[in-house]
Amino acid sequence: MTISDPEQLLRARLSALPFAEVRYRVVTGSTNDDALQWLEAGAADGSLVVADQQTAGRGRLQRRWITEPGAALAFSLILRPTPAETAHLALFSPLAGLAVADGLATCCGLSAAIKWPNDVLLNGKKACGILAETTWHGDRIAGIVLGIGVNVAPSAVPPAATLMFPAISVEEVFPGPVNRWDLLADILRSVFTWRPKLGSREFFQSWEDRLAFKGEPVQIQAPDGKLEGQLVGIDPHGNLLLRTDAGKMEVITAGDVSLRPAGNS
Ligand code: BT5
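Everything numeric in this text was worked out from a predicted model, so none of it was measured.

Engineer: Tell me about the pattern of salt bridges, residues and numbers included.
Structural biologist: Counted by the stated rule, this structure contains 15 salt bridges. A cluster of three or more residues bridged by salt bridges with shared partners is formed by Asp33, Arg58 and Glu133.

If you want it as structure tokens, here you go:
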């Protein structure tokens, strides 16, 4: 018997991985919204929401993330950080970036770069966006939702005029069709591999090795203005280090900032 239903194919592909539970949606607003609700309702560590299409996918700062049906990966993984992991909450978003880059290498032999803080690039263009959101109960963390969107087929890429940064899909750089669920399984396996190494020397080294624009002139856009300089690397908290033209080392924290090569406005 051959299985053709996407949900059955997905479940078969993920059966060897340690998920508490997987929820599949043909269409949803946002898998992060679904996961945040599920988290509040008591979802266990390692619960996963996957959707074929999102109608209200979210980026940072309420920006939109487009997920066309049949063309992309859109999923949210619920994690309940241990006390030790809680010391490294800001590193979960880079963890996802590393996992996507590894997944693209395993699945398709591709060499992806991580654009600080939360994008994965292929050929210098955005193939994946990551949105990590935490829920607190008082001063105790209830959980974290790691939302990941990957453009797999060319039809996943929104029109250029609507984008803040050039975008691309995996199939535009990989010759041959990509099985979405194979890529998803490779990414998730990598999340579970990196998680115990969160904040370790190996973690930072791998992140820096894949850092886009390292050593190159870049521009940081923040609400209070622009900053230009050479991208030096990452500090042990995950902040970006930038050496300005005046020779000053600036420490940039992720938040309401975006990074692009210098010369692009
Ligand atoms: C992100 O935000 O890149 C985070 C995107 C996270 C999406 C995942 S999908 C599963 C989960 N459920 C959700 O609702 N969200 C997560 P940011 O850095 O703010 O970038 C947003 C910007 O990316 C938009 O303003 C557009 O310019 C651009 N964009 C939108 N859709 C895109 C796409 N499919 N490919 C490339 N760029 C896109």
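Engineer: Any chance you could break down the site of the ligand for me, citing the residues and the numbers?
Structural biologist: Neighbouring residues of the ligand: 30 residues in total, closest Ser30, Arg58, Arg63, Lys126 and Asn151. Residue Arg63 places a side-chain N or O atom 2.8 Å away from an oxygen atom belonging to the ligand. Between the ligand and Lys126, the relevant distance is 2.7 Å, taken from an oxygen atom to a side-chain nitrogen or oxygen of the residue. Relative to its free-state accessible area of 790 Å², the ligand is covered by the protein chains to the extent of 96%.

Engineer: Explain the side chain of Thr31 to me, using residue names and the numbers behind them.
Structural biologist: Mapped onto the secondary structure, Thr31 falls in helix H2 (residues 31-40). Discounting chain neighbours no more than four positions away, the residues touching Thr31 are Val49, Val50, Ala51, Gln54, Ala74, Phe75 and Ser76.

Engineer: Explain the sheet that holds strand S12 (residues 258-261) residue by residue, including any values.
Structural biologist: Taken in spatial order, the 5 strands of this open sheet run S11-S10-S9-S8-S12, and their pairing is antiparallel. Each edge of the open sheet carries a strand with a single partner, namely strand S11 (249-252) and S12. Neighbour to neighbour, the strand axes of the sheet diverge by 45° on average, direction disregarded. Both strand S8 (residues 217-222) and S12 contribute to a ladder of 4 bridges, which runs antiparallel. Counted as the bridge partner of Gln219 is Arg260 from S12.

Engineer: Residue-level account of the packing of aromatic side chains, with values.
Structural biologist: Enumeration over the complete set of coordinates arrives at 5 aromatic pairs. Summarising the aromatic geometry, the rings of Trp194 and Phe203 are spaced 6.1 Å apart at their centres and angled 80° between planes, so their arrangement reads as edge-to-face. Here Phe204 and Trp207 contribute two aromatic rings whose centre-to-centre distance is 6.1 Å and whose plane-to-plane angle is 25°, an arrangement assigned as stacked. Here Phe204 pairs with Trp207, and both are found in helix H6 (residues 201-209), just 3 residues apart, close to one helical turn. For the residue pair Phe204 and Trp207, the accessibility class agrees, reading buried in each case. Here a set of aromatic residues connected by ring pairs shows up, and it is made of Trp194, Phe203, Phe204 and Trp207. Above the ring of Phe165, the side-chain terminus of Lys115 is found at 4.5 Å from the ring centroid.

Engineer: An account of the pairing of strand S2 (residues 47-54) is needed here, citing residue identities and associated values.
Structural biologist: Burial analysis of S2 places 7 of its 8 residues in the buried class, the great majority of the element. Two strands pair when backbone bridges link them, and strand S1 (residues 22-28) and S2 are joined in this way by 6 bridges, in the parallel orientation. Opposite Tyr24, over in S2, you have Val50 as the bridge partner. Handedness of the S1-H2-S2 crossover: right-handed. As paired elements, S2 and strand S3 (residues 72-79) share 5 bridges and run antiparallel to each other. Directly across from Val50, in S3, lies its bridge partner Phe75.

Engineer: A description of the environment of Lys248 should follow, citing residues and the corresponding values.
Structural biologist: On the secondary structure map, Lys248 appears in the loop between strand S10 (240-244) and S11. When the C-alpha positions of Lys248 and Gly229 are compared, they lie 9.2 Å apart, and in sequence the two are 19 residues distant. Those residues in contact with Lys248, other than ones at most four positions away along the chain, are Leu242 and Arg243. One polar contact links Lys248 to Glu250, side chain to side chain, over a distance of 3.3 Å.

Engineer: Can you break down the layout of surface pockets residue by residue, with the values?
Structural biologist: To find leftover empty space, one rolls a probe the size of a water molecule over the atoms. In this structure, the largest pocket encloses a volume near 720 Å³. Residue assignment for the lining of the largest pocket shows that the elements contributing at least two residues are H2, S3, strand S6 (125-137), strand S7 (140-151) and S12. For the lining of the largest pocket, a count of residues per class yields 17 nonpolar, 14 polar and 9 charged. Of the volumes computed, that of the second largest pocket is approximately 510 Å³.

Rules behind the numbers
Residues numbered from 1 in each chain as written. Predicted model: local features only at pLDDT ≥ 70, side-chain atom pairs only at ≥ 80, totals over all residues. Heavy atoms only, no water. Salt bridge = Lys/Arg side-chain N within 4 Å of Asp/Glu carboxyl O. Near = heavy atom within 4 Å. Polar contact = N/O pair within 3.5 Å; in protein donor to acceptor, adjacent residues only side chain to side chain. Areas by Shrake-Rupley, 256 points an atom, 1.4 Å probe, with all protein chains shown as cover. Helix = DSSP H or I, 4+ residues; strand = E, 2+ residues; numbered from the N terminus. Contact = heavy atoms within 4.5 Å. Pairing = 2+ DSSP bridges. Axes fitted to C-alpha atoms, helices over the stretch in contact; angles between N-to-C directions. Phe/Tyr/Trp six-rings, centres within 6.5 Å; stacked < 30°, edge-to-face > 60°. Buried < 20%, exposed > 50% of the residue type's maximum accessible area, 1.4 Å probe, protein only. Lys NZ or Arg CZ within 6 Å of the ring centre and 35° of its normal. Right-handed = clockwise from strand over helix to strand, strands pointing away. 1 Å grid on protein atoms, 1.4 Å probe; cavity = no way out; pocket = protein on both sides within 12 Å on 5 of 7 lines; lining within 4 Å. Points joined across faces, edges and corners; volume = space filled by probe spheres on them. Nonpolar A, V, L, I, M, F, W, Y, C, P; charged D, E, K, R; others polar.

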